[in-house]
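# Summary of the model geometry
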Amino acid sequence: NQQIVLASRPQGEATAANFRLVEAPLPALAEGQVLVRHHYLSLDPYMRGRMNDSKSYAAPQPLDEVMIGGTVGEVVDSRHPGYAAGDAVVGMGGWQLYSVVDGAAAGMLRKVDTRLPLSAYLGAVGMPGVTAWYGLVRIIAPQAGKTVVVSAASGAVGSVVGQLAKARGCRVVGYAGGAAKCAYVVDELGFDACIDYREHADARSLARALRDAAPDGVDGCFENVGGAVMDATMLRMNAFGRIALCGMIAGYDGQPIPMSWPQTILQSRLTLQGFIVSEHMGDWPEALRELAAGVAGGTIRYRESVAEGLAAAPEAFLGMLKGRNFGKQLVKLI
Ligand code: NDP
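All values derive from a computational prediction rather than experimental measurement. (Residues numbered from 1 in each chain as written. Predicted model: local features only at pLDDT ≥ 70, side-chain atom pairs only at ≥ 80, totals over all residues.)

## Brief notes about the packing of helix α5 (residues 203-213) against helix α6 (residues 227-235)
One can describe the packing of α5 onto α6 by two numbers: an axis separation of 8 Å at closest approach and a directional angle of 50°. Classified by the angle between their axes, α5 and α6 sit oblique to one another. Note that α5 runs across α6; the crossing there is right-handed. For the pair α5 and α6, contact is made by A203, L206, A207 and L210 and by A228, V229, D231, A232, T233 and L235, respectively. Taken together, the residues of the contact of α5 with α6 sort by class into 8 nonpolar, 1 polar and 1 charged. (Axes fitted to C-alpha atoms, helices over the stretch in contact; angles between N-to-C directions. Helix = DSSP H or I, 4+ residues; strand = E, 2+ residues; numbered from the N terminus. Parallel < 35°, antiparallel > 145°, perpendicular 65-115°, else oblique. Left-handed = near helix turned anticlockwise from the far one by under 90°. Contact = placed C-beta atoms within 7 Å. Nonpolar A, V, L, I, M, F, W, Y, C, P; charged D, E, K, R; others polar.)

So this is what it looks like as C-alpha cells:
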C-alpha cells in the first residue's frame, strides 16, 4: 500500500517537504473489517489547519501517520456483514491507495449509488456540497429577491452555494480569482455577476465593484475566504443581513488577515455564525437528497481539477491553497 504521511509541521507556508510517501504492507483482514480500494482522494482546505499543532475544533494530524482525507472507492474484500466486494463507498480513507476500516468504524463507510460519477461524492454530493447547503439554508436562510454573495465562487463549496441560492430565487454575486473562473461562474453556473478580486488593490475598490454587481446591497454573505474580500462584502451588507462564516482560506497558510468589519456588525445589526459541517450530521440526509437530485437533473453543475496518482497529492494540495485548482480538487488513484 502506498501512503502519504505528515513528515513535519509547516513553519509558515506549507511545502512538499512536509509530506512523505511511504510503502506499507496491507494487513490481513480481521473479523468485522473491510478493505477498500480508493478511486479518488479529496483534497480540502481544512487539511492545512490539521497540519498545525494548535488549538482548533479538531485534533491535529499526528506526525508520521497517514494524512486524513475523504475518499471514494470500492470494497475489494469484506469480513463485515454490511459490506460486500464491489460496493461503492465513501469514507475517510486518508492519503493512501487502500484503507482497512474497522467494524466499529464501518458505519463511517457510506454506500453510494453508482449512477452518479463516484467523484461527485467528494464534491457536490459530498462534504463540500453539504457545507454549501448548511450555510446557505440553515444560516443565511435566503429569500427570493434578496442578494447573496459568495467568495471562492468557482470552488467546490462556493459553486454549490450559488446554484442553490439561484434555485431559491436570489440574486447571486461571486468572487473568484481570474477571468476564466469568473466567466465560468457566470456563464456555466448561472451567477448574476462575478468579481475578479485579483483586479482590485483593496477592500474599498472591491466594494465599489460589488456596489455595481449588487445594487440593492447584500442580504446574505457566504464567506469562504476572509481578508479584503470579506471586508468588501461587509461594507455592502444591508441591515439585518446574515453571514455564514464557513472558511477564511486567505489566512490558512499563515498570512495575516485584515479585519475591519466588527463595527459593521453593530451598525447594520448583522448576524454572523461560524459552523463546522461535520457537527450537523442530522441535516446531511436532507441536503444530500437535494444535491444528488440537482446533480442528476443537471441543475447543479460542477467542475473538477484531477491530479494523477498519489505522489501528485502534495503539490495538488499546495496548489489548491493558492487557487491553482479550478473546481473540486481531487487525486485519481486508479
Ligand atoms: P475550493 O475548491 O474553493 O478551493 C480553494 C479556493 O480558495 C481556491 O481555488 C481559490 O480560489 C480560493 N483562495 C485561496 N486563497 C485565496 C485568497 N488568498 N483569496 C481569495 N481566494 C482564495 O475549496 P473548498 O470549496 O473545498 O473550500 C472553500 C472554503 O470552505 C474554505 O475556506 C474551506 O476551509 C471552507 N470549508 C468549510 C467547511 C466547514 O465545515 N466550515 C467545510 C468545507 C469547506 P480563487 O482562485 O477563486 O481565489
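Additional details are given in the paragraphs that follow.
## Thoughts on helix α4 (residues 179-187)
When α4 is considered as a whole, its buried residues turn out to be K181, C182, Y184 and V185. Projected down its long axis, α4 carries its buried residues within an arc of 160°, all on one side. In α4, the exposed positions that point more than 90 degrees away from the buried face belong to A179, A180 and D187. On its buried face, α4 is in contact with β9 (171-176) and β10 (193-196). (Buried ≥ 20, exposed ≤ 12 C-beta atoms within 10 Å, placed from the backbone. Arc of directions from axis to C-beta.)

## A closer look at the domain arrangement of the protein
You'll often see interface size given as the accessible area lost when the parts meet. Under the domain assignment used here, the protein contains domain 1 (2-121 + 303-332) and domain 2 (127-278). Here the C-alpha centre of domain 2 lies 29 Å away from the C-alpha centre of domain 1. Listed per partner, the contact involves 14 residues of domain 1 and 15 residues of domain 2. Residues of the side of domain 1 that touches domain 2, tallied by class, amount to 5 nonpolar, 5 polar and 4 charged. (Domains from an automatic or database assignment.)

## Points about the sheet that holds strand β8 (residues 147-150)
Taken together, the 6 strands give an open sheet; going across it, the order is β10-β9-β8-β11-β12-β13, and neighbouring strands pair in parallel fashion. Two strands close off the open sheet at either side, each with one partner strand: β10 and β13 (271-274). In this sheet, adjacent strand axes meet at a mean angle of 15° when their direction is disregarded. Across 4 bridges, the pairing between β9 and β10 is parallel. Pairing of A176 across the sheet is with D196, part of β10. Along the sheet, helix α2 (residues 127-140) contacts β8, β11 (218-223), β12 (237-245) and β13; its crossing angle with β12, the most-contacted strand, is approximately 140°. (Pairing = 2+ DSSP bridges.)

## Some remarks on the site of the ligand
Neighbouring the ligand are 29 residues, the closest being G155, V157, G177, G247 and G323. Counting only elements with at least two residues in the shell around the ligand, the list comes to α2 and α3 (156-167). Per-element accounting of the shell around the ligand gives the leading share, 3 residues, to α3. Here the residues of the shell around the ligand are counted per class, giving 17 nonpolar, 9 polar and 3 charged. Composition of the shell around the ligand by domain shows at least three residues from each of domain 1 (2-121 + 303-332) and domain 2 (127-278). (Near = placed C-beta within 6 Å.)

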